[in-house]
Amino acid sequence: MARIIFAAAVTAVAAVLAMSNPAPAKAGQAPPAPVLAGQPNPIADFAIALDRYLRMTVPVTIAGVGPFRFLIDTGAQATVVTDRVADRLLLVPTGRALLVAMGSSRMVETIELDGLEFANRRLDGLTAPLLEARHVGADGILGLDSLQNLRVLMDFRQNSISVADAHDDRATGYEIVVRARRKLGQMIITDARIDGVRTAIIIDTGAAGSHGNAALRRRLGARHHAELFTTDVNGFELRSDLAIAGTLRIGGMTMTRVPIGYADSPVFAQLGLDDRPALILGMRSLRAFDRVAIDFADRRILFDLPDGVEATPATRQIFYPSRIGS
């Protein structure tokens, strides 16, 4: 039986059509960014390159060759290499697997990787799906199989992403710390609410926008404002119905005007979340914060609020590990 691998990343927004509330968006323009309660409405510069604006990469060497630019994708189960890397290293496929992407599933070739190095870490014996670089937007993807026991830190003030040991001292200064549970390597926040509806949240650094499942759409009665077109890592063009949620509450923070694309995605079924409200929270929404850190070792997700947004007393209670719970 073929191995099943999921990779939730999607690439550039192709179009946003018929936007009605707020004001109409032009074709090719990204949907409005969410904001934190108490924060001025930011003005986004859509001319910035996608990987710089929405997703960021880290240098990776393989068997001493490189560096290659790999996306860090907390929504992907497995590390991925592209044809560009395979051709340079003369890598030969050794197997096949079913790759479940945001909008599609297909059989792909896999390659065995040894000597993959990043962040002072070396990994051997990885089984990596082989994908086309034009669909990935980078040389490869660092998935959950490479990130366990590490901390992924996204610093949106510096527009950088880094990977460090889970006990790195840069984990200080966060206003909000939320516990998550783990399933298939994913970190899932179970205590979140969208417009009052309890929702499972998956932090996905490989997704540009946020995607909700059918169960969430039904509970919210979400109205269709626009059509959103993206391309997943299989090269499949995914059409989503775009709607705007009023509030997203996680711990003691509140985000407002959160754009959510709704589409039938096999990823939710793979995580066992197809029959309950669930949301994949992408990079566009995460950029409302100054910093976001995902601590895989301690199953925590840490948020640093921007200046001018104050933590509530409830947030301060969440901050202390002794009050978070297991």
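Before any of the text, the structure's been laid out above.
J.: Before we go on, may I ask you to explain the overall build of the chain in this structure?
T.: Counting its regular elements, the chain contains eight helices and 25 strands. For the chain, the proportion of its 326 residues judged to be buried stands at 54%. Partitioning the intrachain contacts of the chain with sequence separation of at least 6 by distance along the chain shows that 68% fall at a separation of at least 24. Total accessible area computed for the chain in this model is approximately 13500 Å², and 49% of it derives from carbon and sulfur atoms.

J.: Looking at this structure, I do not really get the environment of N120. What am I missing?
T.: Relative to the helices and strands, N120 is located in the loop between β9 (116-118) and β10 (121-123). Between the alpha carbons of N120 and V163 there is a distance of 9.5 Å; along the sequence they are 43 residues apart.

J.: Can you walk me through the pattern of salt bridges in this structure?
T.: Side chains carrying opposite charge are able to pair once their charged atoms draw close together. This model, assessed by the stated rule, comprises 12 salt bridges. E117 is the salt-bridge partner of R122, the closest N and O atoms lying 3.8 Å from each other. Looking at E117, the relative accessible area reads 33%, which means it is partly exposed. Of the charged contacts, one joins D304 and R157 as a salt bridge, the two residues approaching to 3.9 Å between their closest N and O atoms. Of the two residues, D304 sits in strand β25 (residues 300-304) while R157 sits in the loop between β13 (150-155) and β14 (160-165), which places them 147 residues apart along the sequence. Salt bridges sharing partners connect three or more residues here, namely D155, R157, R291 and D304.

J.: So what exactly am I meant to see when it comes to the environment of G209 here?
T.: One can find G209 in the loop between β18 (197-203) and β19 (211-212). Judged by relative accessible area, which is 24%, G209 ranks as partly exposed. C-alpha separation for the pair G209 and G261, spaced 52 residues apart in sequence, amounts to 7.6 Å. Apart from residues no more than four positions distant in its own chain, G209 is found in contact with I280 and G282.

J.: Quick question: what am I supposed to make of the nonpolar core here?
T.: Inside soluble globular proteins, nonpolar side chains tend to come together where they are buried. Grouped together as the largest cluster of nonpolar side chains are 59 residues, with contacts concentrated most on I62 and L116. The contact partners of I62, leaving out residues within four places of it in the chain, are F68, F70, V81, V85, L89, L113, D114, G115 and L116. With 14 residues, the next largest nonpolar core counts V100, M102, A200 and A263 among its residues.

J.: Whenever I open this one, unusual backbone geometry confuses me. Can you help?
T.: For residues other than glycine, phi is negative in most cases, and the peptide bonds are mostly trans. Each neighbour pair has its own omega, and for G66 with P67 the value is 10°, a cis peptide bond. Along the polypeptide, P67 turns up in strand β5 (residues 65-72). The backbone of L90 shows a phi angle near 60°, a positive value even though the residue is not glycine. Residue placement: L90 occurs in the loop between α2 (83-89) and β7 (95-101).

J.: Could you clarify how one ought to interpret the environment of R249 in this entry?
T.: By the element assignment, R249 lies in strand β21 (residues 237-250). Among the residues examined, R249 registers a relative accessible area of 44% and is labelled partly exposed. Separated by 50 residues in the primary sequence, R249 and T199 place their C-alpha atoms 9.6 Å from one another. Discounting chain neighbours no more than four positions away, the residues touching R249 are D191, A192, R193 and T254. Within the local environment of R249, its side chain forms a polar contact with the side chain of T254, the two groups lying 2.8 Å apart.

J.: Would you mind showing me how to read the side chain of S146 here?
T.: Looking at the element boundaries, S146 is found in helix α4 (residues 144-147). The class of S146 is buried, set by a relative accessible area of 0%. At 2.5 Å, the side chain of S146 and the side chain of T79 are in polar contact. Ignoring any residue separated from it by four or fewer positions in sequence, one finds S146 in contact with T79, F118, R121, L123 and L126.

J.: Teacher, can you tell me more about the pairing of strand β20 (residues 226-231) here?
T.: When a strand is regular, its side chains alternate between the sheet's two faces. In this sheet, β21 lies alongside β20 in antiparallel orientation, the contact comprising six bridges. Residue pairing across strands places F229 opposite R239, the latter belonging to β21. Between the antiparallel neighbours β20 and β21 lie five residues, among them G235 with a positive phi of about 85°.

J.: Teacher, can you tell me more about the pairing of strand β8 (residues 105-113) here?
T.: Here six bridges tie β7 to β8, and the two strands are oriented antiparallel to one another. From the neighbouring strand, A97 faces β8, where its bridge partner is V108. As consecutive antiparallel partners, β7 and β8 are separated by three residues. Relative to strand β11 (residues 126-131), β8 is paired through four bridges, and the arrangement is antiparallel. Counterpart to T110 in the pairing with β11 is P129.

J.: Sorry if this is basic, but what is going on with the side chain of D295 here?
T.: With respect to the element layout, D295 can be found in strand β24 (residues 291-295). Of the polar contacts made by the side chain of D295, one reaches the backbone nitrogen of D298; its length is 3.2 Å.

Rules behind the numbers
- Residues numbered from 1 in each chain as written.
- Predicted model: local features only at pLDDT ≥ 70, side-chain atom pairs only at ≥ 80, totals over all residues.
- Heavy atoms only, no water.
- Helix = DSSP H or I, 4+ residues; strand = E, 2+ residues; numbered from the N terminus.
- Buried < 20%, exposed > 50% of the residue type's maximum accessible area, 1.4 Å probe, protein only.
- Contact = heavy atoms within 4.5 Å.
- Areas by Shrake-Rupley, 256 points an atom, 1.4 Å probe, with all protein chains shown as cover.
- Salt bridge = Lys/Arg side-chain N within 4 Å of Asp/Glu carboxyl O.
- Core = buried A, V, L, I, M, F, W, Y, C linked by side-chain atoms within 4.5 Å.
- Polar contact = N/O pair within 3.5 Å; in protein donor to acceptor, adjacent residues only side chain to side chain.
- Pairing = 2+ DSSP bridges.

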